[in-house]
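Chain residues, written in single-letter form:
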Amino acid sequence: MVLEGNPEVGSPRTSDLRHSGNQGSCVLSSPGEDAQPGEEPIKYGELIVLGYNGCLASGDKGRRRSRLALSRRPHANGVKPDVMHHISTPLVSKALSNRGQHSISYTLSRSHSVIVEYTHDSDTDMFQIGRSTENMIDFVVTDTSPGGGAAEGPSAQSTISRYACRILCDRRPPYTARIYAAGFDASSNIFLGERAAKWRTPDGLMDGLTTNGVLVMHPAGGFSEDSAPGVWREISVCGNVYTLRDSRSAQQRGKLVENESNVLQDGSLIDLCGATLLWRTPAGLLRAPTLKQLEAQRQEANAARPQCPVGLSTLAFPSPARGRTAPDKQQPWVYVRCGHVHGYHGWGCRRERGPQERECPLCRLVGPYVPLWLGQEAGLCLDPGPPSHAFAPCGHVCSEKTARYWAQTPLPHGTHAFHAACPFCGAWLTGEHGCVRLIFQGPLD
């Protein structure tokens, strides 16, 4: 992995993470070595990028998508630490040029480096995540801008590392998944330059942090109706857990948290400084609502024939197949301060407060007036409850438990800030609670 201060090391070359013809990509449909023909491979879990509501704006394509399943590979490609060498700098380039040998290089000074060689581990599968589109990256992740969508254009400077992190999954039950900062580059190396935070551990080994860090938060009580946000921690290159640095790229590491581990749990959040991922286990996904259930809830809500309390027109949530385009005539709109649902109308504007500021005709509260959109990424939902609450100010609708959980979950932003955000579009939440209960008007008959 190339960090700031040494851009020459780790230039792209042909990947050597292709074990037994695996090409370094996730197994999505090929059966594992223990699976029978026609059977689905063993699934370790799924990664869901927050802010896309089920699909990237440009469509899910190959390794660049909003959601990816990690499944057991036909052949193990995991690696584990083996031998540590203390060498002088002239030997570093020679050691790093061996693309058949995975290694982590720690540059301590111009005249002293430590290289830890890694050997093949037949008990684990390795999956790598980052901004790079090279073959060794299984899940290509780009920066997510608040309000949904990816940061695009040449002026959009990404803060996500090309080789951000790696996940190692045990190939045997209970298929434990562990996360580590940094991924191996095209030369099978991770390089921590002089300016990277690194240190010698009490047992004489080496460890370090990446430039912008990999943060993880495990929810308290699992990812269910009783969940509560946990504490954000930083994961090191060797998988140890530390408290957060003073700022995202500070030289001084946080304190070691000995009673916590890098094992991913259902609902664990992984922040790569530009995008946040949610880890869902197979057991957790079984408890999550399905797309069929979400569609049934949409149809049930529309079958109640909610009406605009002023215009008396019938309202209806649009079909997900139509996508989030311009609202149609039946689109429900909401005053996010009070929760009163209306059809679209042009009155009540408060131009002095902004184009979206309107005065609710029922309760006179002034605030954003936005269209309602159903949350369509089922993996982000804590329960299959009815769509009763909307996030403010974006208007994405989900169950009460889901809305309240995400409204109280701070997500990292920038070098040291945290903001609660809508999981479906990434918009920063506003108002006292970050969400509002929807108040529908039923038909008069």
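Residues numbered from 1 in each chain as written. Predicted model: local features only at pLDDT ≥ 70, side-chain atom pairs only at ≥ 80, totals over all residues. Heavy atoms only, no water.

For the protein, the count of helices and strands is four helices and 27 strands. Taking all 445 residues of the protein together, 51% fall into the buried category. Working note: accessible area of the protein is about 19,900 Å², and carbon and sulfur atoms make up 50% of it. (Helix = DSSP H or I, 4+ residues; strand = E, 2+ residues; numbered from the N terminus. Buried < 20%, exposed > 50% of the residue type's maximum accessible area, 1.4 Å probe, protein only. Areas by Shrake-Rupley, 256 points an atom, 1.4 Å probe, with all protein chains shown as cover.)

For histidine 396, the position within the fold is in strand S24 (residues 396-398). Judged by relative accessible area, histidine 396 falls into the buried class, the value being 2%. The spatial distance from the C-alpha of histidine 396 to the C-alpha of alanine 427 is 10.0 Å, given a sequence separation of 31 residues.

The terminal C-alpha atoms of helix H3 (residues 291-303) lie 18 Å apart, and with 13 residues this matches the ideal 18 Å at 1.5 Å per residue to within 8%. Those residues of H3 that sit buried are Leu294, Gln297, Arg298 and Asn302. Taken around the axis of H3, the buried residues stretch over an arc of 130°, which confines them to a single face. Counted as exposed and oriented over 90 degrees from the buried face of H3: Lys292, Glu300 and Ala303. (Expected span 1.5 Å × (residues − 1). Arc of directions from axis to C-beta.)

Attention shifts here to the nonpolar core. One finds Leu47, Ile129, Ile167, Ile179, Ile270, Leu272 and Leu277 to be the most contacted residues of the largest nonpolar core, which totals 30 residues. Only strand S1 (43-49), strand S2 (67-71), strand S6 (124-130), strand S8 (165-170), strand S9 (177-181), strand S13 (214-217) and strand S17 (276-280) provide two or more residues apiece to this core. Here leucine 47 is in contact with Ser66, Arg67, Leu68, Leu70, Ile129, Phe139, Ile167, Ile270, Leu277, Leu278 and Trp279, once residues within four sequence places are set aside. (Core = buried A, V, L, I, M, F, W, Y, C linked by side-chain atoms within 4.5 Å. Contact = heavy atoms within 4.5 Å.)

This paragraph deals with the sheet that holds strand S4 (residues 103-109). If you trace the four strands from one edge of the open sheet to the other, you get S3-S5-S4-S10, paired in mixed fashion. Two strands bound the open sheet, and with one partner strand each, they are strand S3 (78-87) and strand S10 (189-192). Sheet twist, expressed as the mean angle between neighbouring strand axes with direction ignored, is 20°. Pairing of S4 with S10 involves four bridges; the strand directions are parallel. Counterpart to serine 105 in the pairing with S10 is phenylalanine 191. (Pairing = 2+ DSSP bridges. Axes fitted to C-alpha atoms, helices over the stretch in contact; angles between N-to-C directions.)

Here proline 173 and proline 174 are connected by a cis peptide whose omega angle stands at 5°. You can see proline 174 is positioned in the loop between S8 and S9. Cis rather than trans, the peptide bond between alanine 392 and proline 393 has omega equal to 10°. Looking at the secondary structure, you find proline 393 in the loop between strand S23 (389-391) and S24. Its identity as a non-glycine residue notwithstanding, arginine 305 has a phi of 50°, on the positive side. Given the relative accessible area of 37%, arginine 305 is considered partly exposed. With a phi angle near 70°, arginine 364 is a residue other than glycine that sits in the positive phi range. Relative to the elements of secondary structure, arginine 364 occurs in the loop between strand S20 (357-359) and strand S21 (366-371).

The next point concerns the packing of aromatic side chains. Enumeration according to the criterion identifies 13 aromatic pairs in this entry. Between phenylalanine 317 and phenylalanine 440, the ring centres sit 6.4 Å apart and the planes meet at 70°, which makes this aromatic pair edge-to-face. Residue phenylalanine 317 is located in the loop between H3 and strand S18 (333-335), and its partner phenylalanine 440 is located in the segment after strand S27 (435-437); the two are separated by 123 residues in the primary sequence. Overall, the relative accessible area of 5% leaves phenylalanine 317 in the buried class. Given the relative accessible area of 35%, phenylalanine 440 is considered partly exposed. These aromatic residues form a ring-pair network of at least three members: Trp333, Tyr335, Tyr344 and Tyr369. One Lys or Arg, arginine 253, reaches over the ring of tryptophan 199 and ends 4.5 Å from the middle of that ring. (Phe/Tyr/Trp six-rings, centres within 6.5 Å; stacked < 30°, edge-to-face > 60°. Lys NZ or Arg CZ within 6 Å of the ring centre and 35° of its normal.)

Attention now goes to the sheet that holds S24. Overall, mixed pairing links the four strands, which are arranged S22-S24-S23-S27 in an open sheet. The open sheet terminates on both sides in strands that have one partner only, identified here as strand S22 (373-374) and S27. Here S22 runs beside S24; their pairing, made up of two bridges, is parallel. Following the sheet pairing, leucine 374 is matched in S24 by valine 397. On top of the sheet, helix H4 (residues 400-407) reaches S23, S24 and S27; it is set at about 30° to S23, its chief contact.

Below, the discussion takes up the side chain of arginine 171. With respect to the element layout, arginine 171 can be found in the loop between S8 and S9. Assessed through its relative accessible area of 3%, arginine 171 is described here as buried. Reaching out from arginine 171, the side chain makes a polar contact with the backbone oxygen of arginine 73 at a distance of 3.1 Å. Reaching out from arginine 171, the side chain makes a polar contact with the side chain of aspartate 125 at a distance of 2.8 Å. (Polar contact = N/O pair within 3.5 Å; in protein donor to acceptor, adjacent residues only side chain to side chain.)

Next up on the list: H4. Taken residue by residue, H4 has Thr402, Ala403, Tyr405, Trp406 and Ala407 as its buried positions. The secondary structure elements touched by the buried residues of H4 are S13, strand S16 (269-271), S17, S23, S24 and S27.

Moving on: the pattern of salt bridges. Should their charged atoms come close, side chains of opposite charge can pair. Tallied over the entire structure, the rule returns 15 salt bridges. A salt bridge links arginine 178 to aspartate 170; its shortest N-O distance comes to 3.3 Å. A salt bridge links arginine 280 to aspartate 266; its shortest N-O distance comes to 2.7 Å. In this pair, arginine 280 is assigned in strand S17 and aspartate 266 in the loop between strand S15 (241-242) and S16, connecting sequence segments 14 residues apart. The exposure classification of arginine 280 matches that of aspartate 266, with both residues buried. Overlapping salt bridges, with partners in common, bring together Lys43, Glu46, Arg67 and Glu377 in one network. (Salt bridge = Lys/Arg side-chain N within 4 Å of Asp/Glu carboxyl O.)

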